[in-house]
Amino acid sequence: MELIGSLFGIMIEFFSNAMRNFGNLFSSLNDFRGIVAFFIAFAIILGVSRLLAYWIIRPKFVLNPAARRESTAIWAVGLAFAAFSAGWWAWGGIPGGDNIGTWVAPSALMLAVLGALLLAFGLGSQLRIEVTVRGSDGNSDAAASQYVLASIEQIGAGRPRGLSYPHGSDASAFVDAVLTSGATSDAPKWLSAILNAARGLLIFPPPWQIEVSLPNTATAAVRITRNGRKADTELINYASFLPSSPKEPTGADAKRVLLSGVAAFTLMTLTRAYPDLRDGLAGATSWRSVTRQVLASLPPWTNDSACRRSLLANAVDEDPGNKAAWLGYLVNGRFGGSEKSLKSLTAALEELRNSLDGEADTSLDMALRIRLLKVLTTGYNNLRLKVSRDMQAAVIHQGLEAATALMQAVQQAGSDQSLAGTRVSDFAVRMQPVAAQLYLHVHRLQDAVEGPLVAHAQDLSSLAREWDTGDIQTRSLRYLYSRACNALEENQSDHSGALHDLEIAFGLEDLKESAASDPSFRTLRSNPAFIAMASRRPRLKSLDALKVHASALEAQGIHSPADLLKRFGSDSAQDWAKTLKVSEETVKWFKGLCRLEESCPDGAMSILWTNLLGEEDIDDPEALVKFANVIGTPSDDIYGRMVATAEMRSIDPPRPEEIRSWAARVRAGAGGARPAVSETEGSITVVDIHL
């Protein structure tokens, strides 16, 4: 400290002398030799600082958040020392005192060494990252480099996305990171080499260098260095994330998989040097697990429920400590709508909740905790619909406890000073109306249920009503969907308010799909207005039995079962058999299957139920009539398997009386007599229970 104080004293004395002799200093600066000498001296000091950073700030050198925040001040002081030292070497002859010549050389040398050390530590420890992606031709790809940078920022500094489970990552410590691209795809190789060499001599480059090579469409080679030392390397294969895809995929999707893997690998490598970057990763330690978790939230994979579920399952299997992947897997898992399945789901969610509650710092993973409690409360609400009446009071009490914890978590995230102004606090504000709605809904159920309930320790109704006020512009479409669910559960005879909310909410196609299997809407299944809103004109490819023929039929302008019945009714089976290159018996089977779908008494479930029947080889009207005659009798060995399949797909199976009604409609030739549905083409896909 005494040495630094002495050096600062020398700097102040030198500065004072220089100011008193400003005219001479200005004349000296115009001396070209002095300017050249200054830059040479400064470049030497900077080169020494880079060598020191190479030896001192190694890849595994760990920095706590406080030291990382102070690095800017450290390198700024080092830069000042280096500049003064270089100036002394260049213009040591400035008049300023009789003794300046006796101490300028040793003092300048001491300042140069100290400046180089401070620059090495300050700049070498910063969270600055440069990414360069090169294609198979060796040229840098600016677009790919920017995609990796955006992915790193989204994974490590994006706002929490997803109301039921994380869509990506909740990590936010990357907010203060400096991300740059090293790609210069428009410059010739020789010019890029010269520019890089000049930059290396005159500028301290970002300590973290991410070099990515894409030799083909299925592989990415990654090399990460810190201050010139190798930190880690990895070979990323497309097939290891999506094994069912071709070995040599083409197109942008394959590159997105690889570059998403690069981003996750980079983030997890950096957490070894900056432990605070782990905040928001929910215990994840494997970059492969994080990659799968991120891909499950990106199109086109998130639009395929089976692919999304597979990615999340493998993310959990790869890293069982990844709580965010666990929540996503449970929400998207094959939990059906039966009492047994819902009990299994809520039990698994409670176990995950206990794991989060066991953390020393409860403010960590707060966004994940809020989502988990929201899903758990909804799970208990769904379970209440399935249990016997004498068990409903206990289930409602469990739901009220979860809803109260949800309110408290949202309140804490909004008031915790350590989270103030962060993306987590913003997420909590967005969740306030959702939490309030669920809490008030469970409270109303408690008031209406028969039997005594244990009084809850804290009543947050006043706060919930405060959060639940506001006009429609302050509410999301998912909020309106949930409000419709809750309204129907509380009063199943009053449909007007729920239908109003659903008409607005169904602008989101995934909500329209969820409504087909949501147990809250059971009483709406026969409502013409609901069928018109929730149903979409089913496409032929949605019928499992017709998938292999769908393209040929669509080429003839036939996109739905109704189209097929209309077109096939006007021409002979022989003509269509010739056009489609199939037998006449196949053409007749086409008609029978489509007539079966069109005759379904529940328009919202017609595709789902027709596929259920098809798995039991009931794929024409005659087979349905035979099944209806034996259902519920000792000779019936089909209905039990249908119920099990429906449960696995998270849909409500047709009840025996609905099967008989369906058969009666087929016998009466009632195909197409359902209430009118939307003309928007698309398929009703099987979705998991709404959470």
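No experiment lies behind these values; they were computed from the predicted model shown.

Definitions and cut-offs
- Residues numbered from 1 in each chain as written.
- Predicted model: local features only at pLDDT ≥ 70, side-chain atom pairs only at ≥ 80, totals over all residues.
- Heavy atoms only, no water.
- Helix = DSSP H or I, 4+ residues; strand = E, 2+ residues; numbered from the N terminus.
- Buried < 20%, exposed > 50% of the residue type's maximum accessible area, 1.4 Å probe, protein only.
- Contact = heavy atoms within 4.5 Å.
- Areas by Shrake-Rupley, 256 points an atom, 1.4 Å probe, with all protein chains shown as cover.
- Phe/Tyr/Trp six-rings, centres within 6.5 Å; stacked < 30°, edge-to-face > 60°.
- Salt bridge = Lys/Arg side-chain N within 4 Å of Asp/Glu carboxyl O.

Chemist: Would you mind going over the overall build of the protein chain with me for this structure?
Modeler: A tally of helices and strands in the protein chain yields 28 helices and 7 strands. When the 691 residues of the protein chain are sorted by exposure, 51% land in the buried category. Taking contacts inside the protein chain between residues at least 6 apart in sequence as the whole, the part at least 24 apart equals 72%. Within the structure as shown, the protein chain displays about 30800 Å² of accessible surface, and the carbon and sulfur contribution to it stands at 56%.

Chemist: I'm lost on unusual backbone geometry in this one. Help?
Modeler: One can expect most non-glycine residues to show negative phi and most peptide bonds to be in trans. For the bond from P299 to P300, the omega torsion is 5°, close enough to zero to count as cis. Within the secondary structure layout, P300 lies in the loop between α9 (287-295) and α10 (305-318). Phi at K581 takes a positive value of approximately 60°, unusual for a residue other than glycine. Its place among the elements puts K581 in the loop between α23 (573-580) and α24 (584-598). A relative accessible area of 78% places K581 in the exposed class. Although it is not a glycine, D617 sits at a positive phi angle of roughly 60°. Within the secondary structure layout, D617 lies in the loop between α25 (606-615) and α26 (621-630).

Chemist: It is not clear to me how the packing of aromatic side chains should be interpreted in this structure. Could you clarify?
Modeler: Pairs of aromatic rings are described using the distance from one ring centre to the other and the angle between the two planes. Evaluated as defined, the whole model comprises 8 aromatic pairs. Plain terms: the ring middles of W326 and Y329 are 6.2 Å apart, the flat faces sit at 70° to each other, and that makes the pair edge-to-face. Of the two residues, W326 and Y329 both sit in helix α11 (residues 323-332), 3 residues apart, roughly one turn of that helix. Owing to a relative accessible area of 29%, Y329 belongs among the partly exposed residues under this scheme.

Chemist: Help me understand the pattern of salt bridges in this model?
Modeler: Opposite charge on two side chains permits them to pair, given that their charged atoms come into close proximity. Under the defined criterion, the tally for this structure stands at 14 salt bridges. For R288, the salt bridge goes to E234, with nearest N and O atoms at 3.3 Å. In this pair, R288 sits in helix α9 while E234 sits in strand β5 (residues 229-237), placing the two residues 54 residues apart along the sequence. By relative accessible area, which is 22% here, E234 ends up partly exposed. Residue D357 pairs with R369 through a salt bridge whose shortest N-O separation is 2.8 Å. Pair noted here: D357 is in helix α12 (residues 339-357) and R369 is in helix α13 (residues 366-384), with a separation of 12 residues, a long-range link. Three or more residues are tied together by salt bridges with common partners; here these are E350, R353, D357, R369 and E401.

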